Amino acid sequence: MARALTINGKTQTVNSPDNVPLLWVLRDELNMTGTKFGCGVASCGACTVHIDGEAVRSCQIAVADVWGDITTIEGVGTPDNLAHIQAAWIDHQVAQCGYCQSGQIMQAASLLAQIPTPTDQDIDDAMLGNLCRCGTYPRIRAAIKDAAARIQEA
Amino acid sequence: MASIGKIARRTFLFGAVAVAGGAAFGFYKLTQTPPNPLNPDDGALNPFVVINADGITLIAPRAEMGQGVHTTLPALVAEELDVALADIKVIHGPAAKAYFNQALLGAAFPVTDYKRKPWHDDTAHFLGNAAKFLDLQVTGGSTSTRDGFVKMREAGAAAREMLKDAAAEQLGVKSAELATENGAVIAPDGTRLPYADLAPAATKLKPRNVTLRDPSEWKTLGKSQPRTDMVGKSTGTATFGIDFRAPGMKFATVKMSPKRSSMRSFDPSDAILMDGVEKIIDLGDGFAVVATNTWLAFQAADAVRVEWDDAPYPADTDAQMAKIAEAFDTSPNSTGRNDGDVETASGDTISAEYSVPFLAHATMEPMTTAAKFTGDALEVWSPNQGPMLIRNWCADAVGLDPEQVTVHTMLMGGAFGRRGEVDFAVLAARVAREMPDTPVLVTWSREEDMRHDFYRPAAIARMSGKVQDGQITALDAQVAAPSPSHQAMARWLGREMGGPDAELTAGVADQPYGIPNYRTRGYLADLDVPVGFWRSVGASYGGFFFDGFIDELAHAAGRDPLEVRLELARREHAPSASVIEKVRDMSGWTGQTPAGIGRGIGFTYSFGTPVAQVIEVRDTDAGIKIDKAWIACDPGTALDPSIIHAQMMGGCIFGLSAATNGQITFTDGEVDQWNFPDYDGLRMHNAPEIEVAILENADGISGVGEPGTPPAAPALANALFDLTGQRARRLPLGLDYSLLI
Ligand code: FES
Ligand code: FES
């Protein structure tokens, strides 16, 4: 059952059974806990990661079905080396409890990769699958626009 | 002293529930300082401030659940200690009496907040001391900054003076000749003595009485600070309860009776054979699966064949609501207010019945706790709002003394009152006892979390009022609901508590409106559906009943609903009138809206903070959209405007989420809702744009975590009335309007 996954540019060998969702391989086998569990049924977005750059719900993808390179929140940037999007999130003081924010950032990062200067409608369409029970949406929206500007300038 | 003594002996109040006869605590005990749980040899200058080679650490008496206390509490310390906020590391305190929440019990003093006199506050403060005997080291009731406002500054100031005294001794000068700046004592010749070097000597000195700095001298407080938890939460490196890991740790889940009953039959024979499953534990009223991976545990839990006994409460929502309505036939549990005489007041009578459903907390992070049992000790890693209670109940569950239990409070992925309970930690302790010497992380599935909550109670209100010559002349409100205070006190303290519960009529009885004839009565429903504290508690429904009905009366009186509220508030409480004026100005309220647009105002005074909201809705092809919210609040003193803004915004969205979609219903004794698809919140596309104004006209300081929630539902309902001409008197509003979802 051992299989190789490429996660944040590094190859890792994992042994979880085939049907275990990627989310739980990351969290419980690899102890990469930045990716969160919220619902398990694709309705909250807390578990969002990228596979080959596309935002996906890792709670829905069996580890055997992973089709490409994985990027998690840990691969986006680190406290000492923040990505533009994370710096924007910090400047706008987005997080409250913070639990949904890994997923929000992963979703927003893929939006910005596809649409560098998103409209409000683009933001609504891309982000509506990501629930935030603390109600940080207005600051998320502002941070996405700010991140777009930073990425353009960089 | 006589009058205070009398009050203290008579009763202590929590949400005006009598929690203990005052005889248990004499004055001496109430004012005695609990021991410092920290070791001075580690650099502890007091229970809160630790300075050693690792830097400056604040042992926070309150838990971070998103509300920003791990920024505001250290900011209070930093202000007096003369250090940069960024130089203070914040950690959750251990379970210890030193961290009791004085404001929580003090807030229950039975005089409507806005009418309190200074002697009332002194008495409330004194009563609040009882918290340390009741192990109420609780984060809740919007009290963290209220409780910490003086305490944290005193901790910082006392530490500063001890460091100066140590420097004075070392230099052979008077302490008064020394200054402090940026983490160091400054000698008269300008030499800097870093705090870390002075701390070992300072911890051996006695603290002196300190005088706090005048707010006009504040450098940190009053300004928005970068939150101390923001980088961690933006990089996936913040460690929540669910992220706890230890060598050899197992992953488990529980499935407890959805009817809060026992298991009638239990057959784990298939489940035990499943991948990764190591153990299945019979817990009597449910079971636990221990596995190598949380998801494998979830799968096995679903494969266990189990039948449950019947629920101890009426099996479906209709029967439960009927039980609540029955309470109106009993004598009132509490009379919150009785001004003038509603019976003889003149005017045309208007009556209406309102109702709200049960609600789940639905924190983003489901319930979770890790535990390790070693026979004579239990260690618990739990995201929680009450570590002393967790310690006591976990000890009880595994047959240890509380002293043998160590509680580590973890970062919470939301709480909203849910993590003030102890069930999630007790279950983890019970699982750990069956797995000696093995750390076990117990994580609930979302479905388990949704269906095993302590719900915001369903409630019914019978409202009646009179209007005459454009004036509201009388308001008579009757509210019936089960009591979270009664239930939670039994769960926290192991004793059934009776007596009047002022929370029944919160948001109704305590509003700062000068209505000449104003009566409220609360009726206690005899219903055992598990209910608990949900962000803003009684005001979460009382605000809807009261403010929605005020809107009806205003219309019946032929008046602009905002002007009526303003007029009533002006007679009673100027800061409340000011927040109403503020939202009027922010929103450009004219009382007129174009076709296709509706506007409503909501106002609730709760937890000492008046909040007014104007909400604008718009008809679209996809349904009615909530476009905009303007919010004005007055917490008296704004310690951190950015955090207050966030709490007002979040509180409003939390209230709107419940008002649009939120309901927990029951069939056959089980909750019908399972997960976010059937218990959803607002999202990016249907949450409003929000503007917040923070005023500081009120005296003192009050909380901001909860007061943003109560006015949201009535403001939305009133806006929908303005848009459609139809008034809905029940929540969620999605039942009666086609809202954008
Ligand atoms: S956990 Fe995957 S979408 Fe909620
Ligand atoms: S910040 Fe708490 S759920 Fe989004």
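As recorded by an unreviewed UniProt entry, chain B carries the name Isoquinoline 1-oxidoreductase and is attributed to Marivivens niveibacter.

Per an unreviewed UniProt entry, chain A carries the name Isoquinoline 1-oxidoreductase and comes from Marivivens niveibacter.

The interface is formed by 62 residues belonging to chain B together with 55 residues belonging to chain A. Taken over both partners, the interface formed by chain B and chain A buries close to 4,600 Å², and the fraction arising from carbon and sulfur atoms is 62%. On the chain B side of the contact with chain A, B:Trp295, B:Met364 and B:Met684 bury the most area, a combined 19% of that side's loss. Between the two partners, chain B and chain A, sit three salt bridges. Notably, a salt bridge pairs B:Asp243 with A:Arg27, separated by 3.0 Å at the nearest N-O pair. At the junction of chain B and chain A, the tally comes to 26 residue pairs in polar contact (both at pLDDT 80 or more). Among the secondary structure elements, those contributing two or more residues to the side of chain B that touches chain A are helix H8 (230-234), helix H9 (294-303), helix H13 (446-451) and helix H18 (641-661) of chain B. Here the residues of the side of chain B that touches chain A sort into 30 nonpolar, 21 polar and eleven charged.

Let us now look at the packing of helix H5 (residues 120-127) of chain A against helix H6 (residues 137-153) of chain A. Residue and element names in this part refer to chain A. The N-to-C vectors of H5 and H6 enclose an angle of 115°; their axes lie 11 Å apart at closest approach. As H5 runs across H6, the sense of the crossing is right-handed. Contact with H5, carried on its side by Asp120, Ile123, Asp124 and Met127, involves Ile140, Arg141, Ile144 and Lys145 of H6 and no other residues of that element.

In this fold, A:Ser102 is placed in helix H4 (residues 101-114). Taking the C-alpha atoms as reference points, A:Ser102 and A:Ile73, 29 residues apart in sequence, are found 5.9 Å from one another. In this structure, A:Ser102 is in contact with A:Gly34, A:Ile73 and B:Gly236, ignoring residues within four places of it in sequence. Side-chain polar atoms of A:Ser102 contact the backbone oxygen of A:Gly34, separated by 2.8 Å.

With that settled, consider H18(B). Between its first and last C-alpha, H18(B) extends 30 Å over 21 residues, near the 30 Å set by a 1.5 Å rise per residue. Of all 21 residues making up H18(B), 18 are buried, and the element is well covered by its neighbours.

Here we take up the packing of aromatic side chains. Residues and elements named next belong to chain B. Within the structure shown, the criterion is met by 22 aromatic pairs over all chains. Ring centres 5.6 Å apart and planes at 25° place the aromatic pair Tyr513 and Phe603 in the stacked group. With Tyr513 in the loop between helix H14 (484-493) and strand S22 (517-524) and Phe603 in strand S23 (residues 597-606), this residue pair connects regions lying 90 residues apart in the sequence. Of the two residues examined, Tyr513 and Phe603, each falls in the buried class. Consider the rings of Trp534 and Phe654, whose centres lie 4.8 Å apart with planes at 35°: the pair is tilted. Placement of the pair is Trp534 in the loop between S22 and helix H15 (539-556) and Phe654 in helix H18, with a sequence separation of 120 residues. One exposure class covers both Trp534 and Phe654, and it is buried. Joined through ring pairs, the aromatic side chains of Tyr313, Phe358, Tyr455 and Phe666 make up one cluster. Taking NZ or CZ as reference, Arg153 lies 4.1 Å from the ring centre of Phe149, over its face.

Glancing now at the UniProt feature "domain: Aldehyde oxidase/xanthine dehydrogenase a/b hammerhead" (unreviewed entry) in chain B. With numbering matched to this structure, UniProt assigns "domain: Aldehyde oxidase/xanthine dehydrogenase a/b hammerhead" (unreviewed entry) to residues 235-312 of chain B. As annotated, residues 235-312 of chain B has a helix share of 13% and a strand share of 36%, and its two end C-alpha atoms lie 46 Å apart.

So, on to the packing of helix H3 (residues 84-91) of chain A against H6(A). Residues and elements named next belong to chain A. Packing of H3 against H6 leaves a shortest axis separation of 8 Å and a crossing angle of 135°. Comparing their axes, H6 and H3 come out oblique. When you trace H3 past H6, the crossing you get is right-handed. Residues His84, Ile85, Ala87, Ala88, Trp89 and Asp91 of H3 touch H6, and the partners they reach there are Ile140, Ala143, Ile144, Asp146, Ala147, Arg150 and Ile151. For the contact of H3 with H6, a count of residues per class yields nine nonpolar, one polar and three charged.

Residue and element names in this part refer to chain B. When its domains are assigned, chain B resolves into domain 1 (33-101 + 137-230), domain 2 (242-310 + 367-443) and domain 3 (459-735). Centre-to-centre, using C-alpha coordinates, domain 1 lies 37 Å away from domain 2. Counting residues at the interface gives 13 residues for domain 1, matched by 14 residues for domain 2. Summing the contributions of domain 1 and of domain 2, the shared interface buries around 1,000 Å²; its carbon and sulfur component is 65%. The three residues of domain 1 that bury the most area against domain 2 are Met65, His92 and Ala95, which together make up 47% of that side's buried surface. At the junction of domain 1 with domain 2, the criterion picks out zero salt bridges. Run the count over domain 1 and domain 2 and you get two residue pairs in polar contact (both at pLDDT 80 or more). Partitioning the side of domain 1 that touches domain 2 into residue classes produces six nonpolar, five polar and two charged.

Attention now goes to the sheet that holds S23(B). Residue and element names in this part refer to chain B. Pairing in this open sheet of four strands is mixed, and the strands run S23-S24-S25-S28 from one edge to the other. The open sheet has two edge strands, S23 and strand S28 (689-694), and neither has a second partner. Direction aside, neighbouring strands of the sheet carry axes that sit 20° apart on average. One ladder, built from ten bridges, connects S23 with strand S24 (residues 609-620); its direction is antiparallel. Residue pairing across strands places Ile601 opposite Val614, the latter belonging to S24. Along the sheet face, helix H19 (residues 712-724) touches S23, S24 and strand S25 (623-633) and points at about 155° away from the line of S23.

Residue and element names in this part refer to chain B. Summing up the model confidence of chain B, the mean pLDDT is 91 and the portion of residues at 70 or higher is 91%. Here residues 1-31 scores under 50 on pLDDT; set against residues more than four positions off or in separate chains, the count is 73 contacts. Here the prediction assigns the complex a pTM of 0.93, and the interface score ipTM is 0.98.

Where charged atoms from two side chains of opposite charge come close, those side chains can pair. Residues and elements named next belong to chain B. In the structure shown here, the tally under the stated rule is 59 salt bridges over all chains. Across the salt bridge formed by Arg305 and Asp270, the nearest N and O atoms sit 2.7 Å from each other. In this pair, Arg305 is assigned in strand S13 (residues 305-308) and Asp270 in the loop between strand S10 (263-267) and strand S11 (277-282), connecting sequence segments 35 residues apart. Among the ionic pairs, Asp453 bridges to Arg418, the shortest N-O distance being 3.0 Å. In this pair, Asp453 sits in the loop between H13 and strand S20 (459-468) while Arg418 sits in the loop between strand S18 (405-409) and helix H12 (423-433), placing the two residues 35 residues apart along the sequence.

All names here are of chain A. Covered by surrounding structure in strand S3 (residues 48-51) are Thr48 and His50 together with Val49 and Ile51, the residues of both alternating faces. Relative to strand S4 (residues 54-57), S3 runs antiparallel, the two being bridged by four bridges. Looking at the pairing, Val49 lines up with Val56 of S4. When S3 meets strand S5 (residues 70-71), the two strands line up antiparallel, connected through two bridges. Looking across to S5, one finds that Ile51 is bridged to Ile70.

About the thresholds
Residues numbered from 1 in each chain as written. Chains lettered and ligands numbered in written order. Predicted model: local features only at pLDDT ≥ 70, side-chain atom pairs only at ≥ 80, totals over all residues. Heavy atoms only, no water. Contact = heavy atoms within 4.5 Å. Buried area = accessible area lost by both parts, 1.4 Å probe. Salt bridge = Lys/Arg side-chain N within 4 Å of Asp/Glu carboxyl O. Polar contact = N/O pair within 3.5 Å; in protein donor to acceptor, adjacent residues only side chain to side chain. Helix = DSSP H or I, 4+ residues; strand = E, 2+ residues; numbered from the N terminus. Nonpolar A, V, L, I, M, F, W, Y, C, P; charged D, E, K, R; others polar. Axes fitted to C-alpha atoms, helices over the stretch in contact; angles between N-to-C directions. Left-handed = near helix turned anticlockwise from the far one by under 90°. Expected span 1.5 Å × (residues − 1). Buried < 20%, exposed > 50% of the residue type's maximum accessible area, 1.4 Å probe, protein only. Phe/Tyr/Trp six-rings, centres within 6.5 Å; stacked < 30°, edge-to-face > 60°. Lys NZ or Arg CZ within 6 Å of the ring centre and 35° of its normal. UniProt positions renumbered as here; feature names shortened; annotations may be inferred. Parallel < 35°, antiparallel > 145°, perpendicular 65-115°, else oblique. Domains from an automatic or database assignment. Pairing = 2+ DSSP bridges. pLDDT = per-residue confidence, 0-100.

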